[in-house]
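Observations on chain architecture
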Amino acid sequence: MRYQIFVATERKEAILDPQGKATQHALSTLGMSQVGDVRIGKFIRLDVNASSQEEARTIAERSSDELLANPIMETYRIVEIREMA
Amino acid sequence: MKTRIIVFPGSNCDHDAHHAVKNVLGEADTEFVWHKEGSIGSGVDLVILPGGFSYGDYLRTGAIARFSPVMKDVINFANNGGTVIGICNGFQVLCESGLLPGMLVRNSGLKFRSKFLHIRTEQTGNRFTEMLVTGQVLKIPIAHGEGNYLAEADVISDLEANDQVVFRYSTEGGDVTDSANPNGSVNGIAGIINKAGNVLGLMPHPERACEAILGSADGLGVFRSLQHHFEKKSVETQIAEAA
């Protein structure tokens, strides 16, 4: 089976995100003062061949643990697993 | 001092390091090793991971370079006590490889900082700074966008407790202040060594400050220390063999 897996990485809350902060300032200049905080992460799509959804998830988790996210400053979430035709 | 300089796609300080060690220091056996090589060769004394933008800094700085074929051998070399120095991007690669703790993130001021500044030598009981004096201030250039050293609080206190912080950003007079810190690094950290003392990572570029004509020759202190270390070792070996 083929799966498309979407992984999002984000900086840990305790770690300053200067890109997010700069973007929040720009949004505020734009009049979007309701936006209190902006955090910028990465959105990664993996195309995976696996025999089951569970196996696909395991592959995505291993990829994230070992390379896609640096556990010192980032967390990740598997946002979605899509089964492809 | 048999020196090997690892070249990744995107390395751009490899030739500076080569010039400093081969021409300025006079170490004839200094060569480049392309990242696709499976080995750094035998009998190597010093491995340099140079500055630059390996793999275009894709994903995170140093994250992809860590998986270059040659890195397996570099990591083995380091784990067996081999001497490795990572400068700028090389420091980032060492952190991603797990050879040094922590990581380097975007400068707190968001800007890419490229200028001469000062660093204070905190430790001289290691092979990288043994020819320097504790407290000695060096004039050295930096050129980085991601040099903000970061680690969990217990890692930082371990580094401090074990005297692993080798250089800190300082004023010309040697004061470690916030305004002397170009990137927001915790405790003004500019360079650290591993616990065993054989791996150094630093953001400033000693290889670009080895000749007065380039604005400073203070960076030579690091390379002369290494040269001294290996000469001493070779004399010790000769004495042991003669005995």
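Remember, predicted model here, so these are calculated numbers, not experimental data. (Residues numbered from 1 in each chain as written. Chains lettered and ligands numbered in written order. Predicted model: local features only at pLDDT ≥ 70, side-chain atom pairs only at ≥ 80, totals over all residues.)

Moving on: the nonpolar core. One finds Ile6 and Val47 of chain B to be the most contacted residues of the largest nonpolar core, which totals 65 residues. Within the second largest apolar cluster, eight residues are counted, among which are Tyr3, Val7, Ala60 and Ala69 of chain A. (Core = buried A, V, L, I, M, F, W, Y, C linked by C-beta atoms within 7 Å. Buried ≥ 20, exposed ≤ 12 C-beta atoms within 10 Å, placed from the backbone.)

What follows is about helix H2 (residues 53–68) of chain A. All names here are of chain A. Between its first and last C-alpha, H2 extends only 20 Å over 16 residues, short of the 22 Å set by a 1.5 Å rise per residue. The set of residues buried in H2 consists of Ala56, Ala60, Ser64 and Leu68. All buried residues of H2 lie within an arc of 75 degrees about the axis, which places them on one face of the element. Of the residues in H2, the exposed ones pointing more than 90 degrees away from the buried face are Glu54, Arg62, Asp65 and Glu66. Buried residues along H2 sit in contact with strand S1 (2–11), strand S2 (42–49) and strand S3 (74–84). (Helix = DSSP H or I, 4+ residues; strand = E, 2+ residues; numbered from the N terminus. Expected span 1.5 Å × (residues − 1). Arc of directions from axis to C-beta. Contact = placed C-beta atoms within 7 Å.)

Here we come to the interface of chain A and chain B. The interface is formed by seven residues belonging to chain A together with 11 residues belonging to chain B. For the side of chain A that touches chain B, a count of residues per class yields six nonpolar, one polar and no charged. (Nonpolar A, V, L, I, M, F, W, Y, C, P; charged D, E, K, R; others polar.)

This next bit is on the sheet that holds strand S10 (residues 189–193) of chain B. Residues and elements named next belong to chain B. In spatial order, the strands read S2-S1-S3-S4-S11-S10-S9-S6-S7; together these nine strands make up an open sheet with mixed pairing. At either end of the open sheet lies a strand with only one pairing partner, and these are strand S2 (30–34) and strand S7 (137–144). Adjacent strand axes in the sheet meet at a mean angle of 25 degrees, parallel and antiparallel pairs treated alike. Bridge count between strand S9 (residues 165–170) and S10: three bridges; the pairing is antiparallel. Paired with valine 165 across the two strands is isoleucine 192, which belongs to S10. Where helix H2 (residues 69–79) meets the sheet, it contacts strand S1 (3–7), S2, strand S3 (46–49), strand S4 (83–87) and strand S11 (199–202), and its direction lies at approximately 125 degrees from that of S4. (Pairing = 2+ DSSP bridges. Axes fitted to C-alpha atoms, helices over the stretch in contact; angles between N-to-C directions.)

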